Amino acid sequence: MTGPELSRRGVMALGAASAAAAPLRGQTPPAPVLAPRPPMGWNSWNSFATTITEAEARETAAIMAKRLLPFGYDIFTVDIQWYEPEASSYAYNKTPVPTMDGHGRLLPAPNRFPSSAGGRGFAPLAAEVHRLGMKFGIHLMRGIPRLAVERNLPILGTNVRAKDIADTTSICPWNPDMVGVDMKRRGAQAYYDSVFALYAGWGVDFVKMDDMSRPYDAHAAEIEAAHLAIRRTGRPMMLSLSPGETPVARADHVRRFAQMWRISDDFWDEWPLLEAQFTRLENWNDARRPGGWPDADMLPLGRLALGQRDTKFTPAEQRTVMTLWSIARSPLIMGGDLRHLDAPTLALLTNREALAVNQASTDNRPHFVEDGTRIWSARPETGAGRYVALFNTTDKPKDVGIVLDQLGLPPRVSVRDLWAGRDAGRAERRIARTVAPHGAELLRLG
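Note that the structure is predicted; figures quoted are calculated from it, not measured.

Draft legend 1. The UniProt feature "domain: Alpha galactosidase C-terminal" (unreviewed entry) in the protein chain, seen in detail. Residues annotated in UniProt with the feature "domain: Alpha galactosidase C-terminal" (unreviewed entry) correspond here to residues 371–445. For residues 371–445, helix accounts for 0% and strand for 61%, while the C-alpha atoms at its two ends are 24 Å apart.

And the structure:
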């Protein structure tokens, strides 16, 4: 066993051991750690925008199960506006008419997801994803549908209606579908409870909840409400918050109520956006914990943007993305269209030695050496030595290195090149490589 296989089986063993240990009398057993390792999976946004259909989802899930699941990618997520019959691009309809039930709970649009008809929702698609051995995720906007408020629909299990809980001043600036929920009002928690109970009944395992972090404190009550609603379902659903701008100072709060949270706006295949993620991941480094992962966003690799183009990242920049996400232990969520998965992209996504850095390393930290370079190191969970990532952020080849003493290593070590998958001799006193422009090297020293 190597990489994610080892780590995932190790997690199962830890879970079994925890289950065997009964809590002390009178104590409430702790909540399970839902994401002990950085989550791995695929999300439809980068490749399908708002438009994915059931046929496309089933085709993609089958490819994912065959090509990526053996390497640990196990969360399949349908992103935004699966409830919008007329969704057609990366833009949003100004006057949406979402599919929903009589209690203001969003439902899959049956013209796009035929198996959802008759009140079945996403249950048939989730069952197929589960049959393939994976978890099923959906995207959800914060709040209650604007249309539910206009129709003043009743909140399930209460005598309260949508207008009674809606905060019509709390509006997402980039999406018109929802308005906020005022958690100080009677029936507000009941609404969120009803939403997550419905989705738990479908078999949802992962919820990417959007418009949750800008501004963070203004939405903190709804973050807590979503967490509580999930706990009340009894189903272990992971909660992912989006988009970025969560203050690092609120790390303790966000870790309590979510398993991963975005640290930036949408990340796309442009070098300035990638260069900015270095600083963000450095700033969030001390906040990372098992069960709580700062999220540098999805991997915009391969075929993107409704099939209109391939990634604009150079091969060196693509390696930098995977190296940085791995050494900083960001979740690894592939965004490209798996129906057009090419061999170089597949090789990047499935390098077991690089994935082991993401899934099974500790003491991950940046080292500040000089302008134009970034260097990170980490310890393997098992075995001696150090992982080292060398980054060149300039537009010319550059010598990037660090003295071994700064890594706590002896003056002479063996070197393994993880991307090449081969031993690469020995280093004395200093490890250095000539790194391609905007490129990265990932090594194991020991």
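Draft legend 2. Structural view of the sheet that holds strand E4 (residues 144–145). One open sheet accounts for three strands, arranged E4-E6-E5; its pairing is antiparallel. Two strands close off the open sheet at either side, each with one partner strand: E4 and strand E5 (166–167). Two strands pair when backbone bridges link them, and E5 and strand E6 (residues 178–181) are joined in this way by two bridges, in the antiparallel orientation. Bridge pairing in E6 links alanine 166 to valine 181.

Draft legend 3. Expanded view of helix H8 (residues 216–233). Here H8 is 18 residues long and its end C-alpha atoms lie 25 Å apart, about the 26 Å a rise of 1.5 Å per residue gives. Taking the largest bend as the criterion, H8 deviates by roughly 25°, centred on glutamate 222. Looking at the packing, one finds that the buried side of H8 touches E6, helix H7 (188–202), strand E7 (206–210), strand E8 (238–241) and helix H9 (251–257). Directly after H8, the chain includes glycine 234, whose backbone phi takes a positive value near 80°.

Draft legend 4. Local environment of the environment of proline 145. Along the chain, proline 145 falls in strand E4. Between the alpha carbons of proline 145 and tryptophan 284 there is a distance of 33 Å; along the sequence they are 139 residues apart. Those residues in contact with proline 145 that sit more than four places away from it in its chain are Met100, Gly104, Leu106, Asp177, Met178 and Tyr191.

Draft legend 5. Just the packing of aromatic side chains, in detail. Within this structure, the stated rule accounts for 18 aromatic pairs. Summarising the aromatic geometry, the rings of tryptophan 82 and tyrosine 199 are spaced 6.0 Å apart at their centres and angled 80° between planes, so their arrangement reads as edge-to-face. In this pair, tryptophan 82 sits in the loop between strand E2 (75–78) and helix H4 (123–131) while tyrosine 199 sits in helix H7, placing the two residues 117 residues apart along the sequence. Accessibility assignment for this pair places tryptophan 82 and tyrosine 199 in one class, buried.

Draft legend 6. Inspection of the side chain of aspartate 205 at higher detail. Looking at the secondary structure, you find aspartate 205 in the loop between H7 and E7. The exposure class assigned to aspartate 205 is buried, which follows from its relative accessible area of 12%. Within the local environment of aspartate 205, its side chain forms a polar contact with the side chain of arginine 235, the two groups lying 2.6 Å apart. Residue contacts for aspartate 205: discarding those within four places in its chain leaves His130, Lys135, Phe136, Arg235, Pro236, Met237 and Met238.

Draft legend 7. The arrangement of H4 in detail. The complete set of buried residues in H4 reads Leu125, Ala126 and Val129. Take H4 and look down its axis: the buried residues cluster within an arc of 100°, on one side only.

Draft legend 8. Inspection of the pairing of strand E1 (residues 40–43) at higher detail. Side chains of E1 alternate between two faces, with Met40 and Trp42 and Gly41 and Asn43 buried alike. Bridge count between E1 and strand E13 (residues 332–334): three bridges; the pairing is parallel. Along E13, the bridge assignment pairs methionine 40 with leucine 332.

Draft legend 9. Representation of the packing of helix H3 (residues 54–67) against H4 in the model. Where H3 contacts H4, the axes come no closer than 10 Å and their chain directions differ by 15°. Classified by the interaxial angle, the pair formed by H3 and H4 is roughly parallel. With respect to the hand of their crossing, H3 and H4 are arranged in right-handed fashion. On H4, the residues that touch Ala57, Arg58 and Ala61 of H3 are Pro124, Leu125, Glu128 and Val129.

Draft legend 10. Geometry of the domain arrangement of the protein chain. Annotation of the protein chain at the domain level lists domain 1 (40–350) and domain 2 (367–445). Distance from the C-alpha centre of domain 1 to the C-alpha centre of domain 2: 35 Å. The interface is formed by 17 residues belonging to domain 1 together with 17 residues belonging to domain 2. Taken over both partners, the interface formed by domain 1 and domain 2 buries close to 1600 Å², and the fraction arising from carbon and sulfur atoms is 67%. Remark: the boundary between domain 1 and domain 2 carries two salt bridges. Where glutamate 441 meets arginine 319, a salt bridge forms, and the shortest distance between an N and an O atom there is 3.7 Å. Here domain 1 is connected to domain 2 by seven residue pairs in polar contact (both at pLDDT 80 or more). Of the residues assigned to the side of domain 1 that touches domain 2, the class counts are nine nonpolar, four polar and four charged.

Draft legend 11. Quick look at unusual backbone geometry. The omega angle of the peptide bond from arginine 214 to proline 215 is -10°, so this bond is cis rather than trans. Tracing the chain through its elements places proline 215 in the loop between E7 and H8. At the junction of serine 242 and proline 243, the peptide bond is cis and its omega measures out at -10° in the coordinates. Structurally, proline 243 is set in the loop between E8 and H9. Positive phi, normally seen in glycine, also occurs at alanine 49, with a value near 55°. Among the structural elements, alanine 49 can be located in the loop between helix H2 (45–48) and H3. Note on alanine 49: relative accessible area 1%, which makes it buried. Positive phi is not limited to glycine here, since arginine 329 has a value of about 60°. With respect to the secondary-structure elements, arginine 329 resides in the loop between helix H11 (315–327) and E13. The exposure class of arginine 329 is buried, given its relative accessible area of 7%.

Parameters and conventions
- Residues numbered from 1 in each chain as written.
- Predicted model: local features only at pLDDT ≥ 70, side-chain atom pairs only at ≥ 80, totals over all residues.
- Heavy atoms only, no water.
- UniProt positions renumbered as here; feature names shortened; annotations may be inferred.
- Helix = DSSP H or I, 4+ residues; strand = E, 2+ residues; numbered from the N terminus.
- Pairing = 2+ DSSP bridges.
- Expected span 1.5 Å × (residues − 1).
- Bend = angle between axes of the 7 residues up to and from the residue.
- Contact = heavy atoms within 4.5 Å.
- Phe/Tyr/Trp six-rings, centres within 6.5 Å; stacked < 30°, edge-to-face > 60°.
- Buried < 20%, exposed > 50% of the residue type's maximum accessible area, 1.4 Å probe, protein only.
- Polar contact = N/O pair within 3.5 Å; in protein donor to acceptor, adjacent residues only side chain to side chain.
- Arc of directions from axis to C-beta.
- Axes fitted to C-alpha atoms, helices over the stretch in contact; angles between N-to-C directions.
- Parallel < 35°, antiparallel > 145°, perpendicular 65-115°, else oblique.
- Left-handed = near helix turned anticlockwise from the far one by under 90°.
- Domains from an automatic or database assignment.
- Buried area = accessible area lost by both parts, 1.4 Å probe.
- Salt bridge = Lys/Arg side-chain N within 4 Å of Asp/Glu carboxyl O.
- Nonpolar A, V, L, I, M, F, W, Y, C, P; charged D, E, K, R; others polar.

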